[in-house]
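Understanding the architecture of this molecule
Chain by chain, the residues:
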Amino acid sequence: MIEVTRVVDAPPSAVFGVLADGWTYSGWVVGSAHIRDVEAPWPAVGARLHHSVGVWPLQLEDTTVVLAVTPGESLRMEAQGWPFGTAEVEVTLTPHGGGTLVRMGERALRGPGKLLPEAVQAVFLRPRNRESLARLAALAEGRARKTTEP
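First things first, this report covers the structure right here in the doc. The shown structure was predicted, so the numbers you read here are calculated from the model rather than taken from an experiment.

Leu19, Tyr25, Trp28, Val91, Val102 and Leu136 are the most contacted members of the largest nonpolar core, which totals 30 residues. Broken down by secondary-structure element, the contributors of at least two residues to this core are strand E1 (2–8), helix H1 (12–20), helix H2 (25–28), strand E2 (32–38), strand E5 (74–80), strand E6 (86–96), strand E7 (99–110) and helix H4 (118–148). Every residue in contact with Leu136, bar those within four places of it in the chain, is listed here: Val15, Val18, Leu19, Trp28 and Val102.

Below is the structure:
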């Protein structure tokens, strides 16, 4: 599994709030362009969100399904991203001072991506997932400020 981490200046509840809002997925997941639908009760196990990947007009319609969730602590998903394949993505949240240590791990499950050695996958996934965590941090920190301001 290829992992990246980031300390977010927001409590785990604010970070999980972003994860639990499927409509924000394209706002923090690099490569996701548009959310078409979020099945209730996202992020319960088995719930799906339907999204487009890529840039217009070359977008593909895919889905992400929740495999496991511990509210406020972790979310494990299976994300489709054809033509690259399917990946398991896990985001875990750990209190860290007044903020949250966010760990994001990803591994290829099926498709062409699985054929690449992990070291080669890491060349592509680490920068993308670091940017995804930066976007997640911005959304969570914004939520946290919004709830503490008068």
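Looking at chain direction, strand E3 (residues 48–53) and strand E4 (residues 60–70) are connected through 6 bridges and run antiparallel. Looking across to E4, one finds that Ser52 is bridged to Glu61. Note that E4 and E5 share 6 bridges and pair antiparallel. Bridged to Ala68 within E5 is Arg76. Connecting E4 to the antiparallel partner E5 that follows it, the hairpin turn spans 3 residues, and Gly72 within it adopts a positive phi of roughly 80 degrees.

Pairing is antiparallel across the open sheet formed by 7 strands, whose spatial order is E1-E7-E6-E5-E4-E3-E2. Since the sheet does not close on itself, it has two edges, and those belong to E1 and E2, each with one partner. The sheet shows a mean angle of 25 degrees between the axes of neighbouring strands, direction not considered. Lying over the sheet, H1 contacts E1, E4, E5, E6 and E7, oriented at roughly 160 degrees with respect to E6.

A surface patch of nonpolar side chains, about 360 Å² in accessible area, is lined by Leu116, Val120, Val123 and Phe124. Looking at the element boundaries, Leu116 is found in the loop between helix H3 (112–115) and H4. Note on Leu116: relative accessible area 37%, which makes it partly exposed.

Definitions and limits used
What you see as residue numbers is a count from 1 along each chain, following the sequence as written. Selection of residues for local features in this predicted model requires a pLDDT of at least 70, selection of side-chain atom pairs for listing and counting requires 80 or more, and totals for whole chains, interfaces and linings are taken over all residues. Derived side-chain values reflect all non-hydrogen atoms in the structure, with water molecules and hydrogen atoms excluded from consideration. We define the nonpolar core as a collection of buried residues of types Ala, Val, Leu, Ile, Met, Phe, Trp, Tyr and Cys that are connected through side-chain atoms lying within 4.5 Å of one another. Partly exposed describes any residue whose relative accessible area lies between the buried limit of under 20% and the exposed limit of over 50%, with all areas from a 1.4 Å probe on protein chains only and scaled to the type maximum. Secondary structure follows DSSP: runs of H or I at least 4 residues long count as helices, runs of E at least 2 residues long count as strands, and numbering of each begins at the N terminus. Contacts are assigned to residue pairs with any non-hydrogen atoms lying within 4.5 Å of each other. If DSSP finds at least two bridges between two strands, the strands pair. To define axes, lines are fitted to C-alpha atoms, for helices over the stretch in contact only, and angles between the resulting N-to-C directions are given on a 0 to 180 degree scale. Here the term patch refers to residues with relative accessible area over 30% and no salt bridge, with like charges joined within 9 Å and nonpolar side chains (Val, Leu, Ile, Met, Phe, Trp, Tyr) within 5 Å. Per-residue and other accessible areas follow the Shrake-Rupley method at a 1.4 Å probe size, with only the shown protein chains counted as cover for residues. We count a salt bridge whenever a side-chain nitrogen from Lys or Arg sits within 4 Å of a carboxyl oxygen from Asp or Glu.

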